[in-house]
Amino acid sequence: MKDSIGFIGLGNMGEHMACRLLNADYKLRVFDIREEAIATLVNRGAIAATSPAAVASEVKTVILSLPTPEIVKEVALGSKGVIAGTKVKTLVDLSTIGPQTAQEISIGLAAEGIDLVDSPVSGGVAGAQSGTLAVMVSCPDQQFSELRKMLSSIGNVFHVGTAPGHGQIMKLANNLLSAAALAISSEAMVMGVKAGLNPHIMLEVINAGSGRNTATHDKFPNAILPRSFDRGFANGLMHKDVELYLKEAEALEVPTEVACAVEQLWQTACSEIGPEADFTTIVQCVEIRAGVEVK
């Protein structure tokens, strides 16, 4: 049995990543606000904890997988957060929170002698299940060497930088491209279907040509055409990620014309379809206005 580590946040992504670590023979102390999520991991061999602070009082390394910057900040720095733990030395954050929040949390933790490793992931629920996520690690070289083997249990590990926030920049750039691909593919597919093209043939052509992207390769054939809308990532979370990108790009004085258009369509999806709906439902915003369905 390998070292004992903590894992906080057992949602769509976190549950599968925690299971990957258990399968790799790591001992886990786990916490989530949902008792049923904790029970699932306990049944797999993990040990339950009563709070983030309790997790951080039992292990030297704690991993977070949480949905929003506000939640990550509270879990990391709150009165019952990781910072209140008595044993923790390293907090590895797999969440998407933006560089400014990462830097703020890093400063807060450093005051108590705790290192933040900024390490967001990409690849969706399928990637979390299969252990093929892109893991974007930002930390000093020595720390990366120490964590690489453990993080390899959940995906393909990349050392993208050395300071808190570098991982976030990489993740925001990646997610903007993903969001844009799904948004523009939705418009293109709806246009073709309304004109009378077969969507299955459209995808075959696009995926054999220069228009191929993550949406046409995965999301349309596996979630949109069958109308299952079940890729495991919410409209609200994608909208949050695009907003974080815009905030950072504007601070860096980088043009954002296309990104702003992508953000507007995701805002429409949140308003009309719902922030909790799967992000593949963004196609419905285009379908409703065009009067056709891509299926």
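Reference entry: report on the structure contained in this document. Everything numeric in this text was worked out from a predicted model, so none of it was measured.

1. So, the nonpolar core
Membership of the largest hydrophobic core comes to 55 residues, with the highest contact counts inside it found for Val62 and Leu151. At five residues, helix H1 (residues 14-23) tops the list of elements feeding residues into this core. Setting aside anything within four residues of it in sequence, one finds Leu151 in contact with Val92, Leu94, Ser119, Val135, Val137 and Val157. Counting residues in each nonpolar core, the second largest holds 34 residues, with Leu172, Leu225, Ala269 and Val292 among its members.

2. Section: the pairing of strand S1 (residues 4-8)
By the criterion of burial, S1 is predominantly enclosed, with four of the five residues buried. Two strands pair when backbone bridges link them, and S1 and strand S2 (residues 27-31) are joined in this way by five bridges, in the parallel orientation. Bridge assignment links Ile8 to a residue of S2, and that residue is Phe31. Assessed by its sense of winding, the connection that carries the chain from S1 through H1 to S2 is right-handed. Looking at chain direction, S1 and strand S4 (residues 61-64) are connected through three bridges and run parallel. Paired with Ile8 across the two strands is Leu64, which belongs to S4.

3. A look at unusual backbone geometry
With a phi angle near 60°, Arg227 is a residue other than glycine that sits in the positive phi range. Phi at Phe229 takes a positive value of approximately 45°, unusual for a residue other than glycine. Mapped onto the secondary structure, Phe229 falls in the loop between helix H10 (214-224) and helix H11 (235-251).

4. Observations regarding the layout of surface pockets
For the second largest pocket, the calculated volume is near 350 Å³. As for the second largest pocket, its lining consists of 16 residues, of which Asp3, Ile5, Thr61, Glu146 and Leu147 are closest to the centre. Elements represented by at least two residues in the lining of the second largest pocket include exactly S1 and helix H7 (141-151). Looking at the lining of the second largest pocket element by element, the count peaks at five residues for H7. Considering only residue class, the lining of the second largest pocket consists of five nonpolar, four polar and seven charged.

5. Focus on the packing of helix H8 (residues 166-194) against helix H12 (residues 257-272)
Two numbers describe how H8 lies on H12: the axes approach to 10 Å, and their chain directions differ by 70°. With respect to H12, the axis of H8 lies roughly perpendicular. For the crossing formed where H8 meets H12, the hand is left-handed. Here Leu176, Ala179, Ala180, Leu182, Ala183 and Glu187 of H8 come into contact with H12, specifically with Ala259, Val262, Leu265 and Trp266. Here the contact of H8 with H12 is built from residues that sort into nine nonpolar, no polar and one charged.

Rules behind the numbers
- The residue count restarts for each chain, going from 1 along the sequence in the order it is written.
- Confidence filtering applies because this is a predicted model: local features only for residues at pLDDT of at least 70, side-chain atom pairs given and counted only at 80 or more, and all residues used for totals across whole chains, interfaces and linings.
- As a rule here, side-chain values come from all non-hydrogen atoms in the structure, and water together with hydrogens is ignored.
- Put simply, a nonpolar core is a bunch of buried Ala, Val, Leu, Ile, Met, Phe, Trp, Tyr and Cys residues held in one set by side-chain atoms that sit within 4.5 Å of each other.
- Accessibility here uses a 1.4 Å probe with only protein chains present; expressed as a share of the type maximum, an area under 20% marks a residue as buried, one over 50% as exposed, and anything in between as partly exposed.
- Comment: elements are numbered from the N terminus, with helices defined as DSSP H or I runs of at least four residues and strands as E runs of at least two.
- By the convention used here, residues are in contact when the closest approach between their heavy atoms is within 4.5 Å.
- When DSSP finds at least two bridges between two strands, those strands are taken to pair.
- The path from the first strand over the helix to the second decides the hand: if it runs clockwise while the strands point away from the viewer, the crossover is right-handed.
- Two kinds of site are reported from a 1 Å grid over the protein atoms alone, namely cavities, where a 1.4 Å probe fits but cannot get out, and pockets, open sets with protein on both sides within 12 Å along at least five of seven lines, and residues are called lining when an atom falls within 4 Å of a point.
- Grid points are joined across faces, edges and corners, and a volume is the space filled by probe spheres set on the points.
- Only Asp, Glu, Lys and Arg are considered charged, only Ala, Val, Leu, Ile, Met, Phe, Trp, Tyr, Cys and Pro nonpolar, and every remaining residue, Gly among them, polar.
- Only the contacting stretch of a helix is used when fitting its axis, a line to C-alpha atoms as for every element, and angles between N-to-C directions run 0 to 180 degrees.
- Any angle between 65 and 115 degrees counts as roughly perpendicular, while under 35 counts as roughly parallel, over 145 as roughly antiparallel, and the rest as oblique.
- If you view the pair so one helix is near and one far, a crossing is left-handed when the near helix is turned anticlockwise from the far one by less than a right angle, and right-handed when it is turned clockwise.

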